[in-house]
Amino acid sequence: MEKDVVMQCEAVRPRLEAYLDGELAEAERALLRDHLAGCGDCGPEAAALERLRDGIRQSAPIYRAPENLRSQIRFALRREAGAGAPAALRAAGWLAYAASILLAVVVGSGGTFLMLGDRQEDAIASQAIDSHLRSLLGTHLTDVASSDQHTVKPWFAGRSELSPPAVDLSAEGFPLVGGRLDLIAGKPVPALVYKRREHVINVFVLPASKDDLDKTLTRRGYTVCHWDEGDLGFWAVTDAAPSELTDFERVFRAATGG
Amino acid sequence: MAWIAERRRRARFESVVLPHLDAGYALARWLTRNDADAADVAQEACLRAFRYFDSYREGDAKSWLLKIVRRTCYDWIERNRPADLVPLETETDPEGGVHAPLASGIDTDALLQSRSDLRRLDKLIEALPPPLREAIVLRELHELDYRQIAEVTGVPIGTVMSRLHRARSALRRAWDGKGCGDAM
C-alpha cells in the first residue's frame, strides 16, 4: 500500500503543474485528482503551487495601455497607410479632377485588378519558394561564393540587367555567402545568398512591382518577404522563423540605404 | 487602387488586432519594466504588426500580436539595455534566439535571494531573467495555454514547461525564504 503511493507520487510530480495549468486530458486529470485527495505529500504540494498562483494574481498590477497610446497608434497607422496613396489624389486643380475620373474607372474594375495583383504576387512568391528549395537540395547554392560585395556585385554585371546591392551583413548576424543566377517567371534573375545560423536566406531581385506595399507571406512553411527599393523589387525567402526574415529585411534595407 | 485596399486593410487591422493592445502593452511593461518604454515598444510593435498584417492568418490575433510585441521588446532591450539579456545558465534552446550566443549564464536563485529588497511577488517576477519572466507572465497573467506560450516565445512546449517550472520554483523559494508567504 505504502509502496503504491510512492510509485504514484513519482508519476504525479512531473505532471502536477500541467494538471494545475489545465493542460492534462480528462482521463489523466481524474487520476491526479484522486491521488491528490488522498496523498499527504502531493496534496500540500499542489496547494502550495495554488497559493503561489493566487499570490501572483493578487500582487501583480494589471497594466493597461494609457488612453492616449491608442489614439497615437491610430494616428500613426493612418499616416503610415496614407503614405501609399497616389500623389495625384493629394494634388490640387485639374490634376485632382483628372484623378477623380481615373478613380471612377479604377473603382469600376478595382476588384478584378486587386485580385489579379494578389495572384501575381502569389505566383512570384511561389516560384521564389521553388527556387529556394532547389538551391537547398542541389549543390548549386551559389555561382559566385564570396562574402565580399566587390566580388559579388560585379559578377552580376553582364549576366543580368539588374544590379543588386550585395552587402555583407555578418555584423548583424546575416553573413553574405554569395550570389547566383536563378530563374523566376522564366527570366534569369540575380539571387543573393545569406545565412542565418544554419538557415539559408535567398534574396531574389526583380524589377520593382507597381504597388509599394511590404508583404510577408507564409506558404508551405516558408516565409517570403517582399519589398521595393527604387527600381528593384526584393523577394527574400527562408525556412528560418518569420521574425528572422523581418529582422533581415530591416537590416538589409538599413544597409542598402532604404 | 492600392490605397483602397490599404484603407480596408487598416480598418481590418484596427478591429482585429487593436483590441489586444492592453495585452500587448502589459507584456511590454513586464519585459521593459518601465511605463514610458512599454508605451514606445507597444506603439512600435503595432506599426510592425500593421506592416506584416498580411502574414496574419485567421485565428489567434492575441498571440500573434504578443509575439510581435515580444520580438520588438527584445530588439529594444538589445539596443538600449543589452546587459538585461543574460542567458539562463543551463538551457539548450534549439531556437537560439537572443540568449544563445551571449557569454556565461546566471543563477536564478542567487539572483532572487541576493535582492533583499524584493519582498513582493510582483517585484520577484520583475527580477526573474526574461525567458522565465515572460513564461510566467504569459501563463498566470495573460492566461495563455502552453501551446500559445510556445507560439509567442518561439520555443518548443517542453521548453515552456521547464521554464514555468523553474520560474515557479525560484519564486517559491524566494517567497517562502523571506517569510512573507502569508503576508500576501
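Residues numbered from 1 in each chain as written. Chains lettered and ligands numbered in written order. Predicted model: local features only at pLDDT ≥ 70, side-chain atom pairs only at ≥ 80, totals over all residues. Heavy atoms only, no water.

Draft legend 1. Layout of the packing of aromatic side chains. Counted according to the given criterion, the structure contains 14 aromatic pairs over all chains. Ring centres of A:Y63 and B:W30 lie 5.5 Å apart, and the angle between their planes is 70°; on these two criteria the pair is classed as edge-to-face. In this pair, A:Y63 is assigned in the loop between α4 (42-59) and α5 (67-82) and B:W30 in helix α2 (residues 21-32), connecting two distinct chains. For the pair shown, A:Y63 and B:W30 are each scored as buried. Between A:F174 and A:F248 the ring centres are 5.2 Å apart and the planes differ by 70°, which places this aromatic pair in the edge-to-face class. With a gap of 74 residues between them, A:F174 in the loop between α8 (149-156) and β2 (176-184) and A:F248 in helix α9 (residues 242-255) connect regions that are remote in the sequence. The two residues A:F174 and A:F248 agree in class, both being buried. An aromatic cluster is present here, built from A:F174, A:Y194, A:W227, A:F234, A:F248 and A:F252 joined pairwise through their rings. Taking NZ or CZ as reference, A:R196 lies 4.3 Å from the ring centre of A:F174, over its face. Its guanidinium or amino end placed over the ring of B:F50, B:R9 lies 4.6 Å from that ring's centre, counting from NZ or CZ. (Phe/Tyr/Trp six-rings, centres within 6.5 Å; stacked < 30°, edge-to-face > 60°. Helix = DSSP H or I, 4+ residues; strand = E, 2+ residues; numbered from the N terminus. Buried < 20%, exposed > 50% of the residue type's maximum accessible area, 1.4 Å probe, protein only. Lys NZ or Arg CZ within 6 Å of the ring centre and 35° of its normal.)

Draft legend 2. View of the confidence of the model for chain B. For chain B, per-residue confidence averages 82 on the pLDDT scale, and residues scoring 70 or more make up 77% of the total. Both confidence scores are given for the complex: pTM 0.56, ipTM 0.82. (pLDDT = per-residue confidence, 0-100.)

Draft legend 3. Region of interest: the nonpolar core. Counting residues in each nonpolar core, the largest one holds 77 residues, and the members touching the most others are A:L69, B:F13, B:Y25, B:W64, B:I136 and B:L171. The next biggest cluster of nonpolar side chains, apart from the first, holds 24 residues, and it includes A:V167, A:F234, A:A236 and A:F252. (Core = buried A, V, L, I, M, F, W, Y, C linked by side-chain atoms within 4.5 Å.)

Draft legend 4. Structural detail: α8(A). All names here are of chain A. For α8, the set of buried residues is V152, W155 and F156. Axial view of α8: buried residues confined to an arc of 95°, hence all on one face. Tucked inside the fold, the buried residues of α8 contact β1 (144-145), β2 and β3 (187-196). Two to three positions downstream of the cap, the backbone nitrogen of H150 sits 2.9 Å from a side-chain oxygen, assigning the N-cap of α8 to D148. (Arc of directions from axis to C-beta. Contact = heavy atoms within 4.5 Å. Polar contact = N/O pair within 3.5 Å; in protein donor to acceptor, adjacent residues only side chain to side chain.)

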